[in-house]
Amino acid sequence: MSFSSALKIQLRLAFFIGCLFTSSLTFAQSIKVAAAANLQSVIKVLGEDFTKKTGLIVQPIVGSSGNLSTQVSNGAPFDVFLSADMDFAEKLYKAGFAQKKPVVYAKGSLIICSTKDIEFDNWERMLLTPAITRVAIANPAIAPYGKAATEALNVKGILSEIHSKLVTGESISQVNTYITTGSVDVGFTTQALVKDVEGKQKIYWKAIDPKLYSPIEQGMVILKHGIGNTAAEKFYQYILSADAKRIFKEYGYIVQ
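Description of the structure in this document.

The rules behind these values
- Each residue is numbered by its place in its chain's sequence as written, counting from 1.
- Two thresholds apply to this predicted model, a pLDDT of at least 70 for residue-level local features and 80 or more for giving and counting side-chain atom pairs, whereas whole-chain, interface and lining totals are computed over all residues.
- In computing side-chain properties, one takes all heavy atoms of the structure into account and sets aside hydrogens as well as water.
- To qualify as a helix, a DSSP run of H or I must reach at least 4 residues; to qualify as a strand, a run of E must reach at least 2; elements of each kind are numbered from the N terminus.
- The buried label goes to any residue with under 20% of its type's maximum accessible area, the exposed label to any with over 50%, and the partly exposed label to all in between, with areas taken from a 1.4 Å probe on protein chains only.
- Between two residues, a contact is recorded if the distance between any of their heavy atoms is within 4.5 Å.
- Areas reported here follow the Shrake-Rupley algorithm with a probe of radius 1.4 Å; residue values treat only the protein chains shown as occluding.
- The rule is short: rings of Phe, Tyr and Trp, with Trp giving its six-membered ring, pair when the centres are within 6.5 Å, and they are stacked under 30 degrees, edge-to-face over 60, tilted in between.
- In this scheme, strands are said to pair when DSSP sees at least two bridges between them.
- Taking the helix axis as origin, the arc is that swept by the directions to the C-beta atoms.
- Axes here mean lines fitted to C-alpha atoms, for a helix over just the part in contact, with angles spanning 0 to 180 degrees between N-to-C directions.
- Think of a nonpolar core as a cluster: buried Ala, Val, Leu, Ile, Met, Phe, Trp, Tyr and Cys residues, connected wherever their side-chain atoms sit within 4.5 Å.

Re the overall build of the protein
Counting secondary structure elements, the protein contains 10 helices and 10 strands. Taken across its 256 residues, the protein has 47% of its residues classed as buried. When contacts within the protein are restricted to residue pairs at least 6 apart in sequence, those whose partners lie at least 24 apart make up 77%. For the protein, the exposed surface amounts to about 12800 Å²; the carbon and sulfur share of it is 55%.

A short note on the packing of aromatic side chains
Scanning all chains against the criterion turns up six aromatic pairs. For the ring pair Phe50 and Phe235, a centre distance of 5.2 Å and an interplane angle of 85 degrees mean the geometry is edge-to-face. Taken together, the residues span a long stretch of sequence, with Phe50 in helix 2 (residues 42-54) and Phe235 in helix 9 (residues 230-239) at a distance of 185 residues. Judged by relative accessible area, Phe235 falls into the buried class, the value being 0%. For the pair Tyr105 and Phe248, a centre-to-centre distance of 5.6 Å together with 40 degrees between the ring planes defines the contact as tilted.

Considering the pairing of strand 8 (residues 186-190)
For strand 8, the buried fraction is high: five of the five residues fall into the buried class. Here strand 5 (residues 110-114) runs beside strand 8; their pairing, made up of four bridges, is antiparallel. In the strand pairing of strand 8, Ile111 is matched with Thr189. Pairing analysis gives two bridges linking strand 6 (residues 135-138) to strand 8, with the strands arranged parallel. When the sheet's bridge partners are listed, Ala136 is paired in strand 8 with Gly187.

Things to note about helix 3 (residues 65-73)
Residues Ser65, Gly66, Leu68, Ser69 and Val72 constitute the buried set of helix 3. Projected down its long axis, helix 3 carries its buried residues within an arc of 165 degrees, all on one side. Summarising the contacts, the buried residues of helix 3 are in contact with strand 1 (30-36), strand 2 (57-63), strand 3 (80-82), helix 4 (87-94) and helix 6 (144-155). Backbone geometry just downstream of helix 3 places Gly75 in the positive-phi region, at approximately 100 degrees.

Re the sheet that holds strand 2
Spatial strand order, 2-1-3-10-4: five strands in an open sheet with mixed pairing. A strand with exactly one partner marks an edge of an open sheet, and here the two such strands are strand 2 and strand 4 (103-108). In this sheet, adjacent strand axes meet at a mean angle of 20 degrees when their direction is disregarded. Where strand 3 and strand 10 (residues 216-222) come together, three bridges link them in antiparallel fashion. In the sheet register, Val80 faces strand 10, and the bridge partner there is Ile222.

Looking at the side chain of Thr150
Inspection of the secondary structure puts Thr150 in helix 6. Given a relative accessible area of 15%, Thr150 falls into the buried group. Those residues in contact with Thr150 that lie beyond four places of it in its chain are Ile137, Pro140 and Leu159.

Examining the nonpolar core
Counting 71 residues, the largest nonpolar core has Ile31, Leu82, Trp123, Leu127, Phe188, Phe235 and Phe248 as the members making the most contacts within it. Considering each element in turn, this core owes the most residues, six residues, to helix 9. If near-sequence neighbours (up to four positions away) are discounted, Ile31 is found in contact with Phe50, Leu56, Ile57, Val58, Gln59, Asp79, Val80, Ala231, Ala232 and Phe235. In this structure, Ala76, Phe78, Ala98 and Val221 belong to the second largest nonpolar core, which totals 12 residues.

A short note on the sheet that holds strand 6
Taking strand neighbours across the sheet as the criterion, the five strands line up as 7-6-8-5-9 in an open arrangement whose pairing is mixed. Each of the sheet's edge strands pairs with one partner strand only, and the pair in question is strand 7 (166-169) and strand 9 (204-207). Neighbour-to-neighbour, the strand axes of this sheet turn through a mean angle of 30 degrees, independent of strand direction. Sheet analysis places strand 5 next to strand 9, joined by four bridges and oriented antiparallel. Paired with Ile111 across the bridge in strand 9 is Ala207. Sitting on the sheet, helix 6 is in contact with strand 5, strand 6 and strand 8, with an inclination near 125 degrees to strand 8. Along the sheet, helix 7 (residues 172-180) contacts strand 5, strand 6, strand 7 and strand 8; its crossing angle with strand 8, the most-contacted strand, is approximately 140 degrees.

So, in structure tokens, the structure goes:
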């Protein structure tokens, strides 16, 4: 073998090893974050801000808290879980799928809204009128905002009366699609939708009195797959930081 041929082989080998190193480094710098559907828009903003500050990449997997929790239990390789409540995160911790007890990173606000110019001052009476035929809520068994909506309807004493009008979405994301496309007359969702459609679409909304439903305390845990991943720990700390709290507030969340 000539000297030039040997040199070419060495250069190609060095290039190949370099590519492997770069690939593994990129993988190590990525964080898989299971995020509740109500975070669909804000998680993108948070991820961009986190990447800008650290160079680390956030890969969000968005879905209902219940479905994400089931995926974790079945071995999904997520590093951090941002739930829409404390219950699903607490159950994962107790089952050994989380490193430590969940912490509250934000509190959610439930709203009723529509693309139609509807008067929401007396929303419970409005829902009983013949003009309203389709009301969207998220599945209360797997989506905390759906659970909050059914609690509010129960307190108002109209859940059974409007049951035939309910259109159930598997997550808040699906409910938001129903609302913004006009597939339903009204829907119960997260206040984050208001920020999400700002400047793009006109919606009419009213915040539901928080006394009508249990507090939507949203919990976060580092999952078993994320233990030892310094990037996951950095993201966890970032979500609790002042910069992240500022972003959450812009999307209608309550932070301390």
